[in-house]
Amino acid sequence: MKSSLVNQMIQEHSQGAFAMAMNMLKCRDDAQDVIQDALYSLLKQPRLPSESNQFRMLLFKVVRNKVIDRIRAKKKRKAEVLEEEHSPSCGHHEPDNQYEQALMKTQLQQALTALSAEHRDIILLKDWQGFCYADIANILGIEPGTVMSRLHRARLALRNLLQQGDDK
Amino acid sequence: MSNLCKEIELMLSGYLDGELTQQQSQGVHAHLEQCEQCNKLYADLLEMKSSIEIMEKPIMSEKEMHKIMADKPAKGLSYFGWVLLIVGVSFFVGVTAYQFLIEDSTSVWLKLIISSIYGGIAFLFLSVLRQRLVARKTDKYRGVDL
């Protein structure tokens, strides 16, 4: 496959994948490392999809797996137990302050942060990144039939959190 | 909440995302027009979805992007290395085998036996190598660490 096409697809979709990695890792440097690592893995593949959407899906899948690997590795390294899977994990304890502040800006973002990783990821893949159910199933490695019900549970949980926030 | 409401509720997300069949979609649409409770839930979900859609996405600067792209591994260099190695090894094996076969001090029988042993090892090695290469090309989980 022409490398210019691959380069073009990388340029086109890396930012979105970075946003997703950033949301999961809450650390700019880690997110960039993960993107680089993911691109390296992808470029080693003998066959890459030439269709842009397929490439994007594959990129997100690899990025997500790398993020999870990274979080697990960090958990192993640190003796302390982190509260939940996607908690802030920047090594130097000074996560991207600007981003953190932006994240806390709205009630919606607070509620998303409070959501379980499983629920947050599926909502973000659908509503933030605009993937269809079939692609989400592929990225998360779940049955296509499970996507709708899991997404719905996730949305109800988010709505619940938002309503709790309103009641306070 | 009626049973119908429960059924419809399960499909609300699919309806919202346009992932239902036409028939299902019509069913949900018809129910939403009659049921205030489900309609309220639908409105909430729609509002949430719209707010998430416009949520800011952090982006990499040109410089950061360039750094990631520029650090791409030297694929060509390693390919060149492999070619050199394979050519060198094949040449060495070929010359050694040729010299062994034309020299006179060993009997023909012994030559045949030794050749078959080395030949056997070589073929076994090639068959394993082929198997690995096929697996490498077709394994869809390659490069995925999970």
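Reading the values: rules and limits
Residues numbered from 1 in each chain as written. Chains lettered and ligands numbered in written order. Predicted model: local features only at pLDDT ≥ 70, side-chain atom pairs only at ≥ 80, totals over all residues. Heavy atoms only, no water. Contact = heavy atoms within 4.5 Å. Buried area = accessible area lost by both parts, 1.4 Å probe. Salt bridge = Lys/Arg side-chain N within 4 Å of Asp/Glu carboxyl O. Polar contact = N/O pair within 3.5 Å; in protein donor to acceptor, adjacent residues only side chain to side chain. Nonpolar A, V, L, I, M, F, W, Y, C, P; charged D, E, K, R; others polar. Phe/Tyr/Trp six-rings, centres within 6.5 Å; stacked < 30°, edge-to-face > 60°. Helix = DSSP H or I, 4+ residues; strand = E, 2+ residues; numbered from the N terminus. Buried < 20%, exposed > 50% of the residue type's maximum accessible area, 1.4 Å probe, protein only. Lys NZ or Arg CZ within 6 Å of the ring centre and 35° of its normal.

(A) Region of interest: the interface of chain A and chain B. Chain A puts 48 residues into the contact, and the matching count from chain B is 40 residues. Taken over both partners, the interface formed by chain A and chain B buries close to 4,100 Å², and the fraction arising from carbon and sulfur atoms is 60%. Here chain A is connected to chain B by four salt bridges. The interface formed by chain A and chain B holds 15 residue pairs in polar contact (both at pLDDT 80 or more) in total. Here the residues of the side of chain A that touches chain B are counted per class, giving 24 nonpolar, 13 polar and eleven charged.

(B) Broad picture of the packing of aromatic side chains. Overall, the coordinates contain two aromatic pairs over all chains when judged by the stated rule. Each ring, one from phenylalanine 60 of chain A and one from phenylalanine 131 of chain A, has its centre 4.8 Å from the other, and the planes form 75 degrees; the classification is edge-to-face. Here phenylalanine 60 of chain A, found in helix H3 (residues 52-77), pairs with phenylalanine 131 of chain A, found in the loop between helix H6 (117-128) and helix H7 (133-140); they are 71 residues apart in sequence, far enough to count as distant. Like phenylalanine 60 of chain A, the residue phenylalanine 131 of chain A is buried in the burial classification. On the numbers, 5.4 Å between centres and 55 degrees between planes, the contact of tyrosine 15 of chain B with tyrosine 42 of chain B is tilted. Remark: tyrosine 42 of chain B occurs in helix H3 (residues 36-53) and tyrosine 15 of chain B occurs in helix H1 (residues 3-16); sequence separation between them is 27 residues. By relative accessible area, which is 17% here, tyrosine 15 of chain B ends up buried. Classification of tyrosine 42 of chain B as buried rests on a relative accessible area of 18%. When the ring centre of phenylalanine 131 of chain A is taken as reference, the NZ or CZ atom of arginine 56 of chain A above it lies at 4.1 Å.

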